[in-house]
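Below, each chain spelled out in residue letters.
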Amino acid sequence: MKRFLGLLLVLTGTCLAAQTNSVTLSGRVRELPEDLPLAYANVLLEQSADAEQVAGTITDEYGLFTLTGIAPGSYRLRISYIGYGDLARDVFVGATSEYLDLGLFQLAAQSEELGEVVLTGRQEGVSSKLDKKTYTLEDQLAQGGGSVLQGLQNLPGVTIRDGQVQLRGNPRVTVLMDGKQTAITGFGNQNGLDNLPASAVDRIEIINNPSARYDANGNAGIINIVLRKDEQGGFHGKAGLTTGLGALWVRRENLPGIRPQYQATPKINPSLALNYQTGKVNLFMQADNLYTRTLNKNEFVTRTYDDGTVINQQLKRNRNTNFFTSRAGLDWDISDRNTLTVSGFFSQEAIIDRGDQPFYNEDLSEQLRLWQFLEDEVLTAYMGSAAFVHQYPQPGHKLEAGFNYTFDREDEKYFFDNTLPDRTAEESFALIADQRVADVNLDYTKPLKTGILETGLKFRRRTIPTNMEFFPSPDSPLDPDADGQATYKETIPAVYGNYTHETQKWVAEVGMRFEYVHLRYEVDPNHNTYSSDGYDYFQPFPNARLSYNLGENDRVSLFYNRRVDRPDEVDIRIFPKYDDAEIIKVGNPALKPQFTQSFEAGYRHTWDSGDVYGALYHRITDGTITRIATAPDSTNLIYNVTQNAGKSHNSGVEMLWNQRLHEDLSLQANLNVYYNSIDAFSVVNLYPVESLYEAERQDLWSGNLKLSANWSPGSDWALQLSSAYLAPDLVPQGRTEGRFSVDFGLKKTVQDGRGEWFVNATDLFNTLVIRKEVQGIGFKYTSEDYYETQVIRLGYSYKF
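Predicted model, so just to flag it, every value in this text is computed and none were measured. (Residues numbered from 1 in each chain as written. Predicted model: local features only at pLDDT ≥ 70, side-chain atom pairs only at ≥ 80, totals over all residues. Heavy atoms only, no water.)

Participant: Could you give an account of the sheet that holds strand β30 (residues 583-586), with specific residues and numbers?
Facilitator: Spatially, four strands are ordered β29-β30-β34-β33 in an open sheet, and the strand pairing comes out mixed. Single-partner strands in this sheet number two, and they are β29 (577-580) and β33 (625-630). Ignoring strand direction, the axes of neighbouring strands in this sheet form an average angle of 35°. Examined bridge by bridge, β30 and strand β34 (residues 638-644) share four bridges and lie parallel to one another. Its bridge partner being in β34, V586 is matched across the sheet by V641. (Pairing = 2+ DSSP bridges. Helix = DSSP H or I, 4+ residues; strand = E, 2+ residues; numbered from the N terminus. Axes fitted to C-alpha atoms, helices over the stretch in contact; angles between N-to-C directions.)

Participant: Quick rundown of the packing of aromatic side chains? Include the residues and the values.
Facilitator: Counting across every chain of the model gives 28 aromatic pairs. Seen in terms of ring centroids, F300 and Y786 are 6.1 Å apart; in terms of plane orientation they differ by 75°. Their pairing is edge-to-face. In this pair, F300 is assigned in strand β18 (residues 281-305) and Y786 in the loop between β46 (779-785) and β47 (791-799), connecting sequence segments 486 residues apart. Ring centres 4.6 Å apart and planes at 25° place the aromatic pair Y414 and F429 in the stacked group. Placement of Y414 in strand β22 (residues 398-420) and of F429 in strand β23 (residues 423-448) is noted, with a sequence separation of 15 residues between them. The class of Y414 is buried, set by a relative accessible area of 8%. Looking at F429, the relative accessible area reads 2%, which means it is buried. Among the aromatic residues, those joined into a ring-pair cluster are W371, F373, Y414, F416, F429, F470 and Y578. Its guanidinium or amino end placed over the ring of F300, R252 lies 4.0 Å from that ring's centre, counting from NZ or CZ. (Phe/Tyr/Trp six-rings, centres within 6.5 Å; stacked < 30°, edge-to-face > 60°. Buried < 20%, exposed > 50% of the residue type's maximum accessible area, 1.4 Å probe, protein only. Lys NZ or Arg CZ within 6 Å of the ring centre and 35° of its normal.)

Participant: So what's going on with the side chain of N296? Residues and values would help.
Facilitator: Along the chain, N296 falls in strand β18. At 2.9 Å, the side chain of N296 forms a polar contact with the side chain of R317. Here N296 is in contact with R317, R319 and Y787, once residues within four sequence places are set aside. (Polar contact = N/O pair within 3.5 Å; in protein donor to acceptor, adjacent residues only side chain to side chain. Contact = heavy atoms within 4.5 Å.)

Okay, structure coming up:
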C-alpha cells in the first residue's frame, strides 16, 4: 500500500486539451458628412509592442469588415482611406466570447481620437473565464478504446461510483450530447455512459458553473459530450478497431454452489466515421459497435440484524452487452447567411445478465437459499433533430432555431429461480417503458462592443407510459397487486437572458433563467399503496460571475448559481424491483425537486511552462433526494425507497496543476478535497408498510488525488502513466472506503500520421475494490465488491 501511495505522489492528473485560441472581430465604417457606407477602406491590426502587422482586410461594399484568428493580447487597430483622416485605437483581446462587434467607425477629413475597445477570445485548457474545462478522450491514452464512462474516470474533478459520474463528489450531473439532453445520456438521471463507445467522441466539456443558457437541472454541473464530425472538403473518414480482455484472474473465490465467475472477458469495438462535402452540402455518418463481456458485479455482503441474525451472501453478475450507435445527417449552406443541419441518431443496447446469489449462515455451514436470475434487457432509442442558423452580417450575431424529437423504449424481462432447502420456485416480471420527448428552442446571440448578449426560450414535452407485469411465486416478496400501469407527464417552458461585459481588468456576467414545470405522475386508482401525484413550480435560476485580471498571468473569479434537480421517472416509479434477492427498491410519486445554491471562487496563474488553477466551492441543497433503506418487518428484507431527506452541504477545494518539464515530458496533478454533510431528518416510507425512519446528522471529509505523467520520446510515440486515489466518502446511511488504481497507455503513430496503434491497461495492479458500510433501521451490512476493473486493450485506427 505504501509503495502505491508513493507512486501516486510521483505521477500527476489528467491532461488538459487545447481550446480554440482565436477571436473574430467586426465593425462598420462610414464616411462623414454624408453618413454613407465607406467601401474598400483599409483595416489593419498591429501588435502594440512593436507595431508588427497581425491581420488586415478591407471593408466590403456595405462598409463592413471582419478580422479572424486573432490571439489574445494587446493590439492597435488602424483604419484609413485616401482623402480621409486615419483612425487608431488600442485593442485588448479578452476571454468572454469568440466574437466582438466593434461598432461604428466614421472617417472624416480630420483624424479623431477614439477610446479603448475591448475584444474577446478564448484561452487553452481551463478557459480564461475559469468556468469550463475541455478534454479530448484521445489524450486519455490509458483509457482509450473503452466506454465514455471509463474515459471520464481520470478527468480532473470526476469520480465514478456505482456507474454514475460525480463532479466534486456530487452525482447530480446533467450529461449532454452535442449540447442537448438525449435518451442515451439521460433526460433526468444520467445513464448509458458505461456503454457509449469513447471512439464516437471528439471531446468532453466539464462546466461547473453553467450560465442561464443551459437547462437549470443538475446542481453539480454539466458534462457535454461532443461527438466527432469532420467538415473537410471531399470524401474522407476514419476507421478503427479495438479489442481487449478483462477479469484476467479471480480476485476472490465464489461462495460454494454457484456458477463460475467470468474470466478473460472479451471486448471488441469497431468504428467508422465518413464525411463527404461538395458545394454547399456536407454529409456525415458515424457508426460504432461495442461488444463486451464483463464481471459486472461480484459483491460479498455480511448483514447483521438487531436480533443477532447474521447472513453472508454474494451477488455475482456475468454480463454480455452489445451497444450499437449510429448517426447520420447533412449540413446545408442554404445561403451565405443561412445554414440547416438535419440529423438522425439510432442506438440499441442489448444486455444479458446471468446472476447467482447464495445466502449462508454466519459460519458458512448452511446454505439458506440460492437465488439465480436471467435479465434480458433491450434499450432502443431514435432521435431526429433539425437546427437552423441565421448569421447576420456581423460575425457572431446569429439566430438559432432547433427541434429535437426522441423516442426510446426500455424493454426488460427478468426470470428468477429461488432454491430453498425444501423446495424450488420460479417467478418473473416484465416491464416496458416508452419515453417520448419533444424539445423546441430559439436562441439569439449578439456580440457587443465590450461583451455579448444571449437570450432565448425553450419548450419541452415529455411523456413516459410504463407497464409492469408480475408473475410471482408463492414465496415472492413482491406484491402481485403492485404491478400495473403508470404515466409520467412533464411540461417545461423556459426563457433566459445572459449578458457579459468586459474591460481590460474586469469581466462581469449576469444571467437569469425562468422555468415553469408541470409534472403529473398518474397511477392506477386501484393501486394498493400509492396514488397519483405531482408538482408545479415557477422559479428563477440566476447566475453571476465577476472576474478580475490581477496581471497578465493571473485571474481571479467569483461565481454564483441557483439550480434544481427534478426527480426522474425512475425515482418516482411505483413498481417494486429487485436490487438483489433480499433488497427491494421502489420509487415515490410524492417526491419533490431539490434546489441548490452554489458559490465558488477560482484563481488561475500561468507561466511559460505550465499553469495552476484553484477553486473554493460551497453548495447548499434543500430537499436532498436519496434512497432510504429500512427493514420494516420480520422477513429480513430491506426496502430502498426514494425520499427527500432535508438539507445537505457540499464544500471543498479543487486544484489543477500542469507543468512541462521538458519538450517531451509533462506532469499533471488534480487534487479535490471536499466536506459532505446531511442534516438530521426523518421520513416515512409507505412501502410495503408505513414505517418511520429518523437519521442523525452525517458528515465526512473526502476527496481524490489524480496524477499522471505524459512522455513523448519521439514524434511518433506517446506514453501516459496515470493514477488515482479516492478517499472514503458518504453514501446514503453509510460510507465507502478509500480505493486507488494505476492506468497505463502507449500510442504509436504510423503511415505518415494516418494510422495509429495503441495499447493500454486500466487498473494495472487490480487494486480497485469497493468496500461499503451501511447502517439502517434494524440492520447493518458491510460489503466488498470485486467487480471487473482491470482491462487490457489493443487498438488501431486509420484516417483516409
